[in-house]
Amino acid sequence: METEVTYKKRSREEVLAWLERARQRKAAWEEETLCELKAMVEESRRAKESHYFDFSV
């Protein structure tokens, strides 16, 4: 019975291209997450300033 290889050797260029795409995906994810976080902080600030959720008044 022959041993079957389940992986393919990659060239240096293929590995570097994969790594660069992964870095780009990470940067895009971080940017999107940062925008969402800024929106949440801004919404929280506006709610606090409007006293909409201030039940002690």
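Analysis parameters
Residues numbered from 1 in each chain as written. Predicted model: local features only at pLDDT ≥ 70, side-chain atom pairs only at ≥ 80, totals over all residues. Heavy atoms only, no water. Helix = DSSP H or I, 4+ residues; strand = E, 2+ residues; numbered from the N terminus. Buried < 20%, exposed > 50% of the residue type's maximum accessible area, 1.4 Å probe, protein only. Areas by Shrake-Rupley, 256 points an atom, 1.4 Å probe, with all protein chains shown as cover. Salt bridge = Lys/Arg side-chain N within 4 Å of Asp/Glu carboxyl O.

**Student:** I'm lost on the overall build of the protein in this one. Help?
**Tutor:** Counting secondary structure elements, the protein contains 1 helix and 0 strands. Counting only residues that meet the buried cut, the protein has 2% of its 57 residues in that class. About 6,300 Å² of surface is accessible on the protein, with carbon and sulfur atoms providing 58% of the total.

**Student:** Help me understand the pattern of salt bridges, please; the structure alone is not making it clear to me.
**Tutor:** Summed over the entire model, instances satisfying the criterion amount to 4 salt bridges. Here E30 and K26 are joined by a salt bridge, their closest N and O atoms 4.0 Å apart. Taken together, the residues E30 and K26, both in helix α1 (residues 12–50) and 4 residues apart, mark about one turn of the helix. Given the relative accessible area of 51%, K26 is considered exposed. A salt bridge links R45 to E49, with the nearest nitrogen and oxygen atoms 2.7 Å apart. Pair noted here: R45 and E49 are both in helix α1, with a separation of 4 residues, about one helical turn. Several salt bridges converge on common partners, so that one network encompasses E42, R45, R46 and E49.

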